[in-house]
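# Per-entry structural report
So the chains spell out like this:
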Amino acid sequence: SIIILQTAHPEHALFLSLANPPAFYAAELEQRRKFKYPPFYLVLKIFSTFPTKEAADYAGAQLYSTILPLTKTAKNTTITQALPMFPAVSNGRHARVVVIKIPAAVGSELSKQILAKTPGEWKADPNPRTLLGLI
């Protein structure tokens, strides 16, 4: 089969990768390793909404302080403070998210420990499609 593509941007990474798929794959894996994404890390997104900004900030700070000690046991684990999601306010509720990146070797066990300490109003999304979005 022959495919003909027309573009105003032949230098775009997509088009360059078509000429050398192994190089694209290697570069993509290196980026994933560098920025702590799967398959090297488990990304755990924990999020919830609250009736006020103050309640969201308080609950986010509480969650962070509860799970931070758990992440100290796994080298190279990163955790964010509770961040506003996008949109920060939806249907009058204020959304917050904590993102945790855990090395794949300990990801399953550590995520179980984290979820066991996470209050019920929070939801968890392992390896989410978006980090800060509600969708």
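Above this text is the structure in question.
Residues numbered from 1 in each chain as written. Predicted model: local features only at pLDDT ≥ 70, side-chain atom pairs only at ≥ 80, totals over all residues. Heavy atoms only, no water.

## Let's talk about the packing of aromatic side chains
Rules: Between rings of Phe, Tyr and Trp, where Trp is taken as its six-membered ring, a pair exists when centres lie within 6.5 Å; planes separated by under 30 degrees are stacked, by over 60 edge-to-face, and by other angles tilted. For a lysine, the NZ atom is tested; for an arginine, the CZ atom; a charge sits over a ring if that atom is within 6 Å of the ring centre and within 35 degrees of the ring normal.
Tallied over the full model, the rule gives one aromatic pair. When the ring centre of F40 is taken as reference, the NZ or CZ atom of R33 above it lies at 4.1 Å. One residue, K101, lies across the ring of Y37, its end atom 4.2 Å from the ring centre.

## Focus: helix α3 (residues 53-71)
Quick reminder: α-helices carry 3.6 residues per turn. Residues three or four places apart thus point the same way. Rules: The way it works is that DSSP assigns letters per residue, a run of H or I at least four long becomes a helix, a run of E at least two long becomes a strand, and they are numbered from the N terminus. Each residue after the first adds 1.5 Å to the expected span of a helix. Buried residues are those whose accessible area, probed at 1.4 Å on protein chains only, stays under 20% of the maximum for their type, while exposed residues exceed 50% and partly exposed ones sit between those limits. Only heavy atoms enter the contact rule, under which two residues are in contact if any of them lie within 4.5 Å.
For α3, which comprises 19 residues, the first-to-last C-alpha distance of 26 Å matches the rise-based estimate of 27 Å (1.5 Å per residue) to within 8%. Here α3 has its buried residues at A56, A59, G60, L63, Y64, I67, L70 and T71. Among the structural elements, β1 (41-50), β2 (78-79), β4 (93-103) and α4 (104-117) are those in contact with the buried residues of α3.

## Examining the pattern of salt bridges
Rules: In what follows, salt bridge is the name for a side-chain nitrogen of Lys or Arg lying within 4 Å of a carboxyl oxygen of Asp or Glu.
Tallying each qualifying case throughout the model produces four salt bridges. D57 is the salt-bridge partner of K53, the closest N and O atoms lying 2.7 Å from each other. Of the two residues, K53 and D57 both sit in helix α3, four residues apart, roughly one turn of that helix. Assessed through its relative accessible area of 32%, D57 is described here as partly exposed. Here R96 and D57 are joined by a salt bridge, their closest N and O atoms 2.9 Å apart. Residue R96 is found in strand β4, and its partner D57 is found in helix α3; the two are separated by 39 residues along the sequence. Taking the relative accessible area as the measure of exposure, R96 reaches 5% and is therefore buried. Sharing partners across several salt bridges, the network here consists of K53, D57 and R96.

## Focus on unusual backbone geometry
In this chain, P38 is followed by P39 through a cis amide linkage whose omega measures 10 degrees. Cis rather than trans, the peptide bond between F86 and P87 has omega equal to -5 degrees. Residue placement: P87 occurs in strand β3 (residues 83-90). Notably, N76 is not glycine yet its phi reads approximately 75 degrees, a positive angle. Tracing the backbone shows N76 in the loop between α3 and β2. The backbone of N127 sits at a positive phi, close to 50 degrees, despite the residue not being glycine. Tracing the sequence through the fold places N127 in the segment after β5 (123-126). N127 gets classed as partly exposed once you look at its relative accessible area, which sits at 38%.

## Focus: the environment of E30
Of note, E30 is situated in helix α2 (residues 21-34). A relative accessible area of 45% places E30 in the partly exposed class.

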